Amino acid sequence: MPGGKSRGDVIATALARWIGPDTARAVVRTFSDRVLGLRPDEIGPADVPRLLESLRPMLRTLLGQGPAEHVLAELEEALR
Amino acid sequence: MSMRYGWLAAIPVAGALAVAALALTTGREPELWFATQLVTQSLATVGCLAAAAAFERRDFMFRAWLLSAVSFLLPVVNKLTTGPHGDWLVGPEPAWLQVGYILAVNVAAVGSALLFVAAFFRAGLALTGSRVQGALDGAAVFVVGLGLGIPTLLRDAADALVAGGASQAFFDAVSVAGDVICFVLVAPLFRIARQFRGGALQWPWGLLAASNLCWLFYDAAATGARVAGSDALHSVSEVVLALASLSALSAALAHRQVVADSRRAPAPSRSEP
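Model, not experiment: these values are computed from the prediction.

The rules behind the values
Residues numbered from 1 in each chain as written. Chains lettered and ligands numbered in written order. Predicted model: local features only at pLDDT ≥ 70, side-chain atom pairs only at ≥ 80, totals over all residues. Heavy atoms only, no water. Helix = DSSP H or I, 4+ residues; strand = E, 2+ residues; numbered from the N terminus. Buried < 20%, exposed > 50% of the residue type's maximum accessible area, 1.4 Å probe, protein only. Areas by Shrake-Rupley, 256 points an atom, 1.4 Å probe, with all protein chains shown as cover. Contact = heavy atoms within 4.5 Å. Lys, Arg positive; Asp, Glu negative; His and termini not counted. Charge placed at Lys NZ, Arg CZ, Asp CG, Glu CD. Core = buried A, V, L, I, M, F, W, Y, C linked by side-chain atoms within 4.5 Å. Buried area = accessible area lost by both parts, 1.4 Å probe. Salt bridge = Lys/Arg side-chain N within 4 Å of Asp/Glu carboxyl O. Polar contact = N/O pair within 3.5 Å; in protein donor to acceptor, adjacent residues only side chain to side chain. Nonpolar A, V, L, I, M, F, W, Y, C, P; charged D, E, K, R; others polar. Phe/Tyr/Trp six-rings, centres within 6.5 Å; stacked < 30°, edge-to-face > 60°. Expected span 1.5 Å × (residues − 1). Arc of directions from axis to C-beta. pLDDT = per-residue confidence, 0-100. Patch = residues over 30% accessible without salt bridge, like charges linked within 9 Å, V, L, I, M, F, W, Y side chains within 5 Å.

Student: Quick rundown of the overall build of chain B? Include the residues and the values.
Tutor: When you go through chain B residue by residue, the secondary structure sums to nine helices and zero strands. Shown N-terminal to C-terminal, the secondary structure of chain B runs as helices and strands in the order α-α-α-α-α-α-α-α-α. Classification of the 273 residues of chain B by burial places 49% in the buried group. Put simply, chain B shows about 12,200 Å² of open surface, and 71% of that area lies on carbon and sulfur atoms.

Written out as structure tokens, the structure is:
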């Protein structure tokens, strides 16, 4: 892995704050496979919008609509 | 962050200890139980409403916390309208009102617990863990839930039949039935909390599971106190009621804190280019 963390790691780290590290890693693995057909370390810049979109319902349910949008916006910024 | 949630989790323990200390130092008069129930259930109501207010009305968790607030508010209204020495549930009021009240309280409590379990699956998450772990969880529910809840339920139902329906035993039986269902939901609530381990959401789900667990112990102690005429068991039931109500308060405050924290979550560190 050159340089910093993979996009999958960044997303998992951000989600871990709310749903815990184990579940966050499982969520990134499951959703990247289900939505993109990729492993977390294979996620490219072009894949990010679709993956974040797939995480929106989960975050909206657990954190509410406003906070979910904030978390997603911060993630989008970090993954740009 | 976890320090703050730890303090919230200490509230129910401190509250229950305070109730126990009051019982030991001031006696076990109805006025004391009236006051402790009124305070703890009012606090739980306010906490649940505060948690609901942290969400928008269209949010799934808004409905869950609102239902939870209703399940605590109705007993508070009951107490405020009757005072420490009366109970319109066993008085001359119309039976439909009494039955409607007790059903509303239990439907709200069960509905709320169901929504908290449903939220996890609605979020697209799935319970993980080994078959052994699942079997152990199931066994724990069976042993505690059925071992404690069903005998209590049967005793209350039998006493209700003897008393001819609208008695304290009838309302206890309905209440225990609701609490047994809530207890069955304790296992998934605890498993959800365990799955959120290391994350902030473990606190609201874990504390809610603890609250639901306490209600079953409350039922068993309250029925035991009624059947045996035991003041000591009655005191235990009141301490457990405080623990259950204040656990719900802490769960609500924890979820409100999670929502507040997530609104100001800093951006995660950048990824590789």
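More follows now that the structure is in view.
Student: Help me get a handle on the overall build of chain A, residues and values and all.
Tutor: When helices and strands are tallied, chain A shows four helices and zero strands. Of the regular secondary structure in chain A, the N- to C-terminal order runs α-α-α-α. Taken over 80 residues, chain A has a buried fraction of 52%. Expressed as a percentage of contacts within chain A between residues at least 6 apart in sequence, the contacts between residues at least 24 apart total 46%. Accessible surface, chain A: about 3,500 Å² in total, of which carbon and sulfur atoms supply 51%. Seen as two clouds, the 11 positive and the 11 negative side-chain charges of chain A have centres 2 Å apart.

Student: A description of the nonpolar core should follow, citing residues and the corresponding values.
Tutor: Considering soluble globular proteins, one finds that nonpolar side chains tend to be buried as a cluster. Counting residues in hydrophobic clusters, the biggest one holds 83 residues, and the most contacted among them are A:Leu15, A:Ile19, A:Met58, B:Trp65 and B:Trp205. The dominant element in this core, judged by the number of residues it contributes, is helix H9 (residues 231-263) of chain B, at nine residues.

Student: Just give me the short version of the interface of chain B and chain A, but keep the residues and values in it.
Tutor: On the side of chain A, 35 residues touch chain B, which itself brings 36 residues to the contact. Taking both partners together, chain B and chain A bury about 2,900 Å²; carbon and sulfur atoms supply 56% of that area. Across the chain B-chain A interface, the total number found is zero salt bridges. Our enumeration of links across chain B and chain A arrives at eight residue pairs in polar contact (both at pLDDT 80 or more). Elements represented by at least two residues in the side of chain B that touches chain A include exactly helix H3 (60-82), helix H4 (95-122) and H9 of chain B. A total of six residues in the side of chain B that touches chain A trace back to one element, the largest contributor, which is H9(B). Here the side of chain B that touches chain A is composed, by residue class, of 18 nonpolar, eight polar and ten charged.

Student: Please provide a residue-by-residue account of the packing of aromatic side chains, values included.
Tutor: Residues and elements named next belong to chain B. For the coordinates displayed, the defined rule picks out eight aromatic pairs over all chains. Both rings, one in phenylalanine 116 and one in tryptophan 205, keep their centres 5.8 Å apart while their planes meet at 80 degrees; by these two values the pair is edge-to-face. You can see phenylalanine 116 sitting in helix H4 and its partner tryptophan 205 sitting in helix H8 (residues 202-228), a full 89 residues away along the chain. Centroid distance phenylalanine 120 to phenylalanine 121: 5.4 Å. Interplanar angle 90 degrees. Geometry classified as edge-to-face. According to the relative accessible area criterion, phenylalanine 120 is buried, its value standing at 0%. Site record: aromatic cluster; members linked through ring pairs are Trp65, Phe116, Phe120, Phe121, Phe196 and Trp205.

Student: Which residues make up the pattern of salt bridges, and what are the values?
Tutor: Within the structure shown, the criterion is met by nine salt bridges over all chains. Between B:Glu56 and B:Arg58 there is a salt bridge; the shortest N-O distance is 2.9 Å. With a relative accessible area of 57%, B:Arg58 lands in the exposed category. What you see here is one network of salt bridges that share partners, running through A:Glu53, A:Arg56, A:Arg60 and A:Glu69.

Student: Now, about helix H4 (residues 65-79) of chain A: what can you tell me, with residues and values included?
Tutor: All names here are of chain A. Given a rise of 1.5 Å per residue, 15 residues ought to cover 21 Å, and the 21 Å separating the end C-alpha atoms of H4 matches this to within 8%. Every buried residue of H4 is accounted for by Gln65, Pro67, Ala68, Val71, Leu72, Leu75, Ala78 and Leu79. The arc that holds every buried residue of H4, seen down its axis, measures 165 degrees, which confines them to one face.

Student: Tell me about the side chain of B:Ser247, and name the residues and values.
Tutor: All names here are of chain B. Within the secondary structure, serine 247 is located in helix H9. The buried category is assigned to serine 247, whose relative accessible area is 4%. Within the structure, serine 247 has its side chain in polar contact with the backbone oxygen of leucine 243 (distance 2.7 Å). Leaving out residues up to four positions away in the same chain, serine 247 has contacts with Pro12, Leu207, Ala210 and Ser211.

Student: So what about the confidence of the model for chain A? Which residues, and what values?
Tutor: Taken residue by residue, chain A gives an average pLDDT of 91. The fraction at 70 or more is 96%. No element of chain A has a lower mean pLDDT than H4(A), at 91, and none a higher one than helix H3 (residues 48-63) of chain A, at 95.

Student: I'd like a description of a nonpolar patch on the surface, backed by residues and values.
Tutor: All names here are of chain B. A cluster of nonpolar side chains, Phe142, Val143, Leu146, Ile150 and Leu154, forms an exposed patch at the surface whose accessible area comes to about 470 Å². Relative to the helices and strands, leucine 154 resides in helix H5 (residues 131-163). Taking relative accessible area as the criterion, leucine 154 reaches 57% and is therefore assigned exposed.

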